[in-house]
Amino acid sequence: METDVVQLSDLKKVAPVFGQTSFDDHEQVVFCNDKDTGLKAIIGIHNTVLGPALGGTRMWQYTSEWDALNDVLRLSRGMTFKSAITGLNLGGGKAVIIGDAKTQKTPELMIRFGEFVHSLGGKYITAEDVGMKTEDMDLVRTVTPYVTGISEEKGGAGNPSPITAFGVFMGMKAAAKHAFGTDVLEDRVIYVQGIGNVGEALVEHLSNEGAQVYVSDINQDRLEEVRDKYGVNIYGGNNLYAEEMDIYAPCALGATVNDLTIDQLKAKVIAGAANNQLEEETRHGAILREKGIVYAPDFLINAGGIINVYAELENYGRQEIIRKTENIYNTTLEILSKAERNDITTHQAALAIATSRIEARKKEK
Ligand code: NAD
């Protein structure tokens, strides 16, 4: 009998969803499975106080289903705060499809995924993320209106990545202003890790401004292509974190600021596009602060993409997209100063503003 009790409490410790370390009062988590197309997806809806949960779909070959669940929980939570701090009337959601986007993504699989999105009746609205293209969203659009990031020919705002990159560039300039007293990036040594859709567009802004750009990627062809196009340097070493640099721009995947890398970091500023850059936001945020590294919160500076897709829902045009994205510069400066004034991490300062907006809306309801 006693053994039974022990086993029950052990079970509680590994409770698969509500017991996950990344679970943070998410409203709904939906597991989608379709044998015929091979679709295995998870939709995470973190919070819908400000509006429907909008966030992209990521297709990735996760090493385990636990990793996929953990990712969708972290990403959807990040979307809640991203939309809140950007002043958009949207909640936070995200979806992950387990699989290799290069070999396992088929039109049938995308349409089936769209049907699952549709079944949620608009509580979750999808868009593209890693492994997705506007063409994929166009396919989803054939079975549900609850999708953004569709192509311009189909009436959408098109690929959000260039706007995301512009917002990151604005946030990076603000962080540079805070750290170095000037936002001019000419001659600054900047490492861009991951030169996909966003990374490449960021490299273009940086090289136009005359920064000394180093790029790294796991894809050698991309590296050569981007080097030839913008005249930047390919990072040839195997430990980018330990290199002398002014700015580190993570533009691949999240959690690169972690226990293994944080002690090695020599950058004075971290500003990039990747979501969830800090593996443990409170602890790693505090270590960065102690080390005097200015961290521009990811969910604040990579909001250009959501501003772009939100235009499809609110029907505002290009000019307003640019204006809102440019404003990331001012918000970033404000948050970095607030953090300094209040002796808190920049991540905490950004989170506090986002949370207060959500709480205020809750009171109005
Ligand atoms: P992408 O898939 O186009 O590019 C990612 C790049 O990172 C690829 O070139 C890939 O080869 C590379 N990469 C993967 N692992 C790497 C590693 N270990 N080291 C170096 N490079 C590696 O994705 P994207 O759309 O450019 O997005 C990049 C990041 O920005 C993602 O974290 C995404 O969630 C985030 N983000 C994107 C948008 C958007 O509008 N696309 C908006 C907000 C946030």
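About the cut-offs
Residues numbered from 1 in each chain as written. Predicted model: local features only at pLDDT ≥ 70, side-chain atom pairs only at ≥ 80, totals over all residues. Heavy atoms only, no water. Near = heavy atom within 4 Å. Polar contact = N/O pair within 3.5 Å; in protein donor to acceptor, adjacent residues only side chain to side chain. Areas by Shrake-Rupley, 256 points an atom, 1.4 Å probe, with all protein chains shown as cover. Helix = DSSP H or I, 4+ residues; strand = E, 2+ residues; numbered from the N terminus. Nonpolar A, V, L, I, M, F, W, Y, C, P; charged D, E, K, R; others polar. Domains from an automatic or database assignment. Axes fitted to C-alpha atoms, helices over the stretch in contact; angles between N-to-C directions. Parallel < 35°, antiparallel > 145°, perpendicular 65-115°, else oblique. Left-handed = near helix turned anticlockwise from the far one by under 90°. Contact = heavy atoms within 4.5 Å. Pairing = 2+ DSSP bridges. Buried area = accessible area lost by both parts, 1.4 Å probe. Salt bridge = Lys/Arg side-chain N within 4 Å of Asp/Glu carboxyl O. Core = buried A, V, L, I, M, F, W, Y, C linked by side-chain atoms within 4.5 Å. Buried < 20%, exposed > 50% of the residue type's maximum accessible area, 1.4 Å probe, protein only. 1 Å grid on protein atoms, 1.4 Å probe; cavity = no way out; pocket = protein on both sides within 12 Å on 5 of 7 lines; lining within 4 Å. Points joined across faces, edges and corners; volume = space filled by probe spheres on them.

A. Focus on the site of the ligand. In the vicinity of the ligand, 20 residues are found, and the nearest of them are Arg58, Thr164, Val198, Asp217 and Ala252. Between the ligand and Thr164, the relevant distance is 2.7 Å, taken from an oxygen atom to a side-chain nitrogen or oxygen of the residue. At a separation of 2.6 Å, an oxygen atom of the ligand approaches a polar side-chain atom of Asp217. Within the complex, the protein chains bury 83% of what would otherwise be the 820 Å² of accessible surface of the ligand. Put simply, the parts of the chain that give the shell around the ligand at least two residues each are helix H5 (161-180) and helix H6 (197-208). Of the residues in the shell around the ligand, the class split is nine nonpolar, seven polar and four charged. Both domains that meet at the shell around the ligand, namely domain 1 (25-74 + 92-154) and domain 2 (161-356), each give it at least three residues.

B. Looking closely at the packing of H5 against H6. Where H5 contacts H6, the two axes come as close as 8 Å, and the packing angle between them is 50°. In this view, H5 runs oblique relative to H6, as classed from their interaxial angle. Regarding H5 and H6, the two cross each other, and that crossing is right-handed. Residue-level contacts link Ser161, Pro162, Thr164, Ala165, Phe166, Val168, Phe169 and Met172 of H5 to Asn197, Val198, Ala201, Leu202, His205 and Leu206 of H6.

C. Expanded view of the sheet that holds strand S8 (residues 212-216). Pairing in this open sheet of six strands is parallel, and the strands run S9-S8-S7-S10-S11-S12 from one edge to the other. Pairing within the sheet leaves two strands with one partner each, and these edge strands are strand S9 (233-234) and strand S12 (294-295).

D. Representation of the domain arrangement of the protein in the model. The domain architecture assigned to the protein consists of domain 1 (25-74 + 92-154) and domain 2 (161-356). Computed over C-alpha atoms, the centres of domain 1 and domain 2 are 25 Å apart. Counting residues at the interface gives 13 residues for domain 1 and ten residues for domain 2. Regarding the contact of domain 1 and domain 2, the summed buried area is about 950 Å², with carbon and sulfur atoms giving 54% of it. Ranking the residues of domain 1 by area buried against domain 2 places Leu54, Arg74 and Thr148 at the top, with a combined share of 49%. Summed over the shared surface of domain 1 and domain 2, the result is zero salt bridges. Summed over the shared surface of domain 1 and domain 2, the result is four residue pairs in polar contact (both at pLDDT 80 or more). Looking at the side of domain 1 that touches domain 2, its residues break down into seven nonpolar, two polar and four charged.

E. Inspection of the nonpolar core at higher detail. Ranked by internal contacts, the top residues of the largest apolar core, which has 66 residues, are Met172, Val192, Leu202, Val203, Leu206 and Val215. A total of ten residues in this core trace back to one element, the largest contributor, which is H5. Domain assignment of the residues forming this core places at least three in each of domain 1 (25-74 + 92-154) and domain 2 (161-356). Apart from residues lying up to four places away in sequence, Leu206 is in contact with Phe169, Met172, Leu185, Ile190, Val192, Ala211 and Val213.

F. A look at the layout of surface pockets. Estimated volume of the second largest pocket: approximately 340 Å³. Along the wall of the second largest pocket there are 16 residues; nearest its centre are Tyr62, Asp67, Asn70, Asp71 and Gly254. Those elements giving two or more residues to the lining of the second largest pocket turn out to be strand S4 (57-60) and helix H2 (65-86). Residue contributions to the lining of the second largest pocket peak at five residues, all from H2. Looking at side-chain class alone, the lining of the second largest pocket contains five nonpolar, six polar and five charged residues.

G. A look at the side chain of Thr57. Structurally, Thr57 is set in strand S4. Excluding its chain neighbours within four sequence positions, the residues that come into contact with Thr57 are Ala95, Ile97, Phe113, Tyr124, Thr126, Ala127, Glu128, Asp129, Val130 and Met132.

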